[in-house]
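Summary of the model geometry
Here are the chains, one letter per residue:
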Amino acid sequence: MPELAIAIDAEPNDSRLNRLEELASLAKKLRDAEPLKCQFYCEEALKMIGRESSLNLIKADVLLSYSVSLYRTGNYVQGLRSAEQAKILFESLNDQESIARCLSAMGNIYHDLADYASAIKFHQQSLNIFAELGDNEGISNAYNNLGIVFSSTQDFSQSIIFFEKCLSLRRALGNRKDIAAAEMNLANSYSLSGNSLLALEHYENALAIFREERNQYGASLTLANIANEHFALRSFGKARLHLRESQALCEEINNQRALAFCYKTFGEISLAEALWQDAEFYLLKAKDLYAELKSPKEQSEVLTLLSDLYAKQRRFEQAFASLSSASALKERFLNEEKQKQISALHIRYESERFKRESEIYRQRSDELSEVNRSLREANQFKLDLISLVSHDLKNPLQTIVGFSDLIKEIIFFSDNGAPSFDALKDRLKEAYLMAEGISRASDFMLSLIKDLLDSTAIEAHNLKLDIQLHSLSELIKLAVIAYLPVASLKQQDIISDIEPNLLAFIDAQRIKQVLHNLIDNAIKFSPTSKRIYISLKRLDSNTAEIRIRDEGQGFSEEDLKKAFGRFQKLSSIPTGKERSTGLGLALCKQIVELHRGSIRIESAGKNQGATIVAELLLADDSDLHTS
């Protein structure tokens, strides 16, 4: 998690402490229901807390709420990092119950990423702590979490064992809502294992509680599941009866997911009874509703049923089309699962690295504190010196640029604006060339200083971004247009593929600076008559990917290690005698990361081209509504 706080040395006063406790309480209440609001409250609290050790208990609670809210919105990396930070603080306070809650949160994140081995490990650790504390509610929740993970691995014998233990404890504790949830989970495992009779028993138990508690959402979902079990037992009449009741409740409370399941089950029953018209009607409704809900797995299942229906009716063209669509959706779903697994591996690596760094820091924090203070003072002196020198050089260089341009305009341009070299004497020609040299050198030095100022400002946390809602698509189109003449000078082609209407909250000038730098590099380090490919596409609901690929000199393995460092000398050299400051890529990385994005380089090696990949956050519906 990025450091959100600033150092505060004073003791907290009562009003500030009350405000922090209020923020922590609000975050805890909203972390499941309204995770984006929870994140806002957490970030406000963390800014107020800073590094103040006397507030570690509140900070740990806030970090745990932050972790859960991030996980709910799909930000797994930052969510896991926040849970680990909270766990470290709770360990320093010897708060075992809260440590167990952190472990549980980490297990949930790994489960969502389909890293089931890690999920089981963390939930088991959580269970062990709750068992030592004799916390039956915590034990029952750990049993429930383990049951869910084993169900995801399709090890239903294990999931049933854990769900039965969970149900037994929850019955003893007496919380009706928790009992109903345990009954549902156990029924689901029995259903998936093919034991419809036991599944029906536990679904009926859950339904009785939902009706008693007037929980229409739970009742609508349970009725649909009961209907599905009756269908599995070939009791079509009972299945239809429960489906009609579920459908009426779903329509009343707008439970779209359960309604789609009802339509699908109605379709399956009609298909089994050879009622082709009814089957097609319900399956088409289910397909459309699952499409609206963006559920590719369920949509694929319905399309497979439609293909079977059309084949039975000898409508082979429609059968083939439905089956093709089902296969495409299934492949998409499997690709998403694969991406989750890749993310899980990355997160596991980051987690282990963070643990090692935290352990080293804790062991050496006392002896390093004095060294760190000296380093901070030396670093601040360096930043101040660079900033002072840069500002002092900037104005005279701008004067040099201005005067050299004036020399050329006054002396060497005729009325129609074209340089008239034939009329010039030799010494004036020489002066013109000198002025050209002054201009080029000054431009280069001015560019270097601007980059240095920006980089220094970012490093000193003094660069303020002007964040507004902008079209990322239009910004990239304009950048491409701006560099078409530059590329044509080297007979290069720029080929762009830009997805339209992608909006983001960004500092447009800074992102433009990044785009110009990267496109300029692609042109600069590519030979003549080569192509440069620029693309923008949406990766998911939250992220856009910008790719700038060239056919130039590429990066060696050694180059890749230091490419984003400041003033780094790489093996590639400009192909048209252009000059490079050595700051461009470093500055691009700093600006992109200030926007909470990421940037990387892909290159197969020297003379095999390179691709710069930048990812930026997109504005989602809630962002646009707030804006």
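Let us look at the structure shown here. On a predicted model such as this, the values are computed, not experimentally measured, just so you know.

We now examine the overall build of the protein chain. Scanning the protein chain from N- to C-terminus turns up 22 helices and seven strands. The contacts in the protein chain between residues at least 6 apart in sequence include a share of 66% that link residues at least 24 apart. Summed over its atoms, the accessible surface of the protein chain is roughly 33600 Å², and 51% of this surface lies on carbon and sulfur atoms.

Here the focus is a nonpolar patch on the surface. On the surface, a cluster of nonpolar side chains totalling about 300 Å² of accessible area is made up of Leu478, Ile481 and Leu484. On the secondary structure map, Ile481 appears in helix H18 (residues 472-489).

We now examine the packing of aromatic side chains. The relative placement of two aromatic rings is captured by the distance of their centres and the angle of their planes. In total, this model carries nine aromatic pairs according to the counting rule given. Its guanidinium or amino end placed over the ring of Phe122, Lys121 lies 4.7 Å from that ring's centre, counting from NZ or CZ. A cation over a ring is seen here: Arg549 above Tyr533, with NZ or CZ 4.1 Å from the ring centre.

This next bit is on the packing of helix H5 (residues 96-112) against helix H6 (residues 116-133). Between H5 and H6, the shortest axis-to-axis distance is 8 Å and the interhelical angle comes to 160 degrees. For the element pair H5 / H6, the angle class is roughly antiparallel. Considering how the two elements wind past one another, H5 and H6 form a crossing that is left-handed. The segment H5 lies against H6, with Gln96, Glu97, Ile99, Ala100, Arg101, Leu103, Ser104, Met106, Gly107, Asn108, Tyr110 and His111 engaging Tyr116, Ser118, Ala119, Phe122, His123, Gln125, Ser126, Ile129, Phe130 and Leu133. Within the contact of H5 with H6, the residues separate by chemical class into 11 nonpolar, nine polar and two charged.

Looking now at empty space enclosed by the protein. By the definition in use, this model includes two cavities of 30 Å³ or more. Along the walls of the largest cavity sit Ile511, Val514, Leu515, Leu518, Ile546, Val592, Ala614 and Leu616, which together make up its complete lining. Sorting the residues of the lining of the largest cavity by element identifies helix H19 (508-524) and strand S7 (610-617) as the ones contributing at least two each. Among the elements that make up the lining of the largest cavity, the one with the highest residue count is H19 (four residues).

Moving on to the sheet that holds strand S5 (residues 543-550). What the five strands build is an open sheet, ordered S2-S4-S5-S7-S6; its pairing is mixed. Every interior strand has two partners, whereas the edge strands, strand S2 (493-498) and strand S6 (598-602), have only one. Taken pair by pair, the neighbouring strands of this sheet meet at an average axis angle of 10 degrees, ignoring direction. Where strand S4 (residues 531-538) meets S5, seven bridges bridge the pair, whose relative direction is antiparallel. When the sheet's bridge partners are listed, Leu536 is paired in S5 with Ile546. Along the sheet, H18 contacts S2, S4, S5 and S7; its crossing angle with S2, the most-contacted strand, is approximately 175 degrees.

With phi around 60 degrees, Asn254 is a residue other than glycine that occupies positive phi space. Asn254 sits in the exposed class, given a relative accessible area of 53%. Despite not being glycine, Lys294 shows a phi value in the positive range, around 55 degrees. Counting through the fold element by element, Lys294 comes out in the loop between helix H14 (276-292) and helix H15 (296-312).

Another aspect to go through is the nonpolar core. One recurring pattern in soluble globular proteins: nonpolar side chains tend to sit buried together. The biggest cluster of nonpolar side chains holds 70 residues, and the ones touching the most others in it are Ile58, Val62, Phe90 and Tyr143. Ranked by residues supplied to this core, first place goes to helix H3 (residues 56-72) with nine residues. In this structure, Phe90 is in contact with Leu57, Ala60, Asp61, Leu64, Asp95, Ser98, Ile99 and Cys102, ignoring residues within four places of it in sequence. Ala504, Ile511, Ile523 and Cys588 belong to the second largest nonpolar core, which has 40 residues in total.

This part is about the pairing of S6. Strand residues, when the strand is regular, have side chains that alternate between the two faces of the sheet. Residues Ile599 and Ile601 of S6 are buried on one face, while the alternating residues Ser598, Arg600 and Glu602, pointing to the opposite face, are not. Judged from the five bridges that link them, S6 and S7 form a sheet pairing that is antiparallel. Opposite Ser598, over in S7, you have Glu615 as the bridge partner.

Here we take up the packing of helix H13 (residues 256-272) against H14. Interhelical geometry of H13 versus H14 gives an angle of 155 degrees and a closest axis separation of 8 Å. In terms of axis orientation, H13 runs roughly antiparallel to H14. Of the two elements, H13 crosses H14, and the hand of that crossing is left-handed. Along the contact surface, H13 presents Gln256, Arg257, Leu259, Ala260, Phe261, Tyr263, Lys264, Phe266, Gly267, Glu268, Ser270 and Leu271, while H14 presents Trp276, Asp278, Ala279, Tyr282, Leu283, Lys285, Ala286, Leu289 and Tyr290. Across the contact of H13 with H14, the residue classes break down as 13 nonpolar, three polar and five charged.

Rules and cut-offs
- Residues numbered from 1 in each chain as written.
- Predicted model: local features only at pLDDT ≥ 70, side-chain atom pairs only at ≥ 80, totals over all residues.
- Heavy atoms only, no water.
- Helix = DSSP H or I, 4+ residues; strand = E, 2+ residues; numbered from the N terminus.
- Contact = heavy atoms within 4.5 Å.
- Areas by Shrake-Rupley, 256 points an atom, 1.4 Å probe, with all protein chains shown as cover.
- Patch = residues over 30% accessible without salt bridge, like charges linked within 9 Å, V, L, I, M, F, W, Y side chains within 5 Å.
- Salt bridge = Lys/Arg side-chain N within 4 Å of Asp/Glu carboxyl O.
- Phe/Tyr/Trp six-rings, centres within 6.5 Å; stacked < 30°, edge-to-face > 60°.
- Lys NZ or Arg CZ within 6 Å of the ring centre and 35° of its normal.
- Axes fitted to C-alpha atoms, helices over the stretch in contact; angles between N-to-C directions.
- Parallel < 35°, antiparallel > 145°, perpendicular 65-115°, else oblique.
- Left-handed = near helix turned anticlockwise from the far one by under 90°.
- Nonpolar A, V, L, I, M, F, W, Y, C, P; charged D, E, K, R; others polar.
- 1 Å grid on protein atoms, 1.4 Å probe; cavity = no way out; pocket = protein on both sides within 12 Å on 5 of 7 lines; lining within 4 Å.
- Points joined across faces, edges and corners; volume = space filled by probe spheres on them.
- Pairing = 2+ DSSP bridges.
- Buried < 20%, exposed > 50% of the residue type's maximum accessible area, 1.4 Å probe, protein only.
- Core = buried A, V, L, I, M, F, W, Y, C linked by side-chain atoms within 4.5 Å.

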